[in-house]
Amino acid sequence: MSDRKEGSRVLFLSAQGDGMFGVLDRVEENAFMGIKHLGMYKDGREQPEDELTRERAGAMETYTLTESAGGTDLSVAMDVSDTEAASFKKMFPEAFAIVKKLAEQSR
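Quantities reported herein were computed from a predicted structural model and do not represent experimental measurements.

S.K.: Any details on the environment of valine 76? Residues and values, ideally.
M.R.: Here valine 76 shows up in strand 6 (residues 71-78). The class of valine 76 is partly exposed, set by a relative accessible area of 26%. Considered as a pair, valine 76 and serine 14 are 62 residues apart in the sequence and their alpha carbons are 19 Å apart.

S.K.: An account of the layout of surface pockets is needed here, citing residue identities and associated values.
M.R.: Roughly 2000 Å³ of volume is contained in the largest pocket. In terms of lining, the largest pocket is formed by 49 residues, of which the most central are Tyr63, Leu74, Ala95, Phe96 and Val99. Take the lining of the largest pocket: its biggest share by element is 13 residues, from helix 2 (residues 82-105).

S.K.: Break down the pairing of strand 5 (residues 60-68) for me, citing the residues and quoting the values.
M.R.: Here five bridges tie strand 3 (residues 32-42) to strand 5, and the two strands are oriented antiparallel to one another. What sits directly across from phenylalanine 32, in strand 5, is threonine 64. Here strand 5 runs beside strand 6; their pairing, made up of eight bridges, is antiparallel. Paired with serine 68 across the strands is glycine 71, a residue of strand 6. Here strand 5 folds back onto strand 6, and the loop between the two strands holds two residues.

Reading the values: the criteria
- Residues numbered from 1 in each chain as written.
- Predicted model: local features only at pLDDT ≥ 70, side-chain atom pairs only at ≥ 80, totals over all residues.
- Heavy atoms only, no water.
- Helix = DSSP H or I, 4+ residues; strand = E, 2+ residues; numbered from the N terminus.
- Buried < 20%, exposed > 50% of the residue type's maximum accessible area, 1.4 Å probe, protein only.
- 1 Å grid on protein atoms, 1.4 Å probe; cavity = no way out; pocket = protein on both sides within 12 Å on 5 of 7 lines; lining within 4 Å.
- Points joined across faces, edges and corners; volume = space filled by probe spheres on them.
- Pairing = 2+ DSSP bridges.

Put into structure tokens, the structure is as follows:
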């Protein structure tokens, strides 16, 4: 959740409302979004810093849209450990399918 404005807070939450929070580091409308991770979010609020938070704080996640012959491509780059990368590789195909469906509906 976010207003998608540079400098604003952003939340990445599960269906249970837990997840991560960060700040929109750089935004180029309809082209690029860079998110700096700041910490964990649980029970409706930002959590105090702990070891995991210190390890992840400042990690970047970027989303880039590029035009191609077949439409628009979405690419993601993330600063994550190998363990986290395996988890995201499982989550992202489902998430990207939802993004694709929403984008195609708005045409």
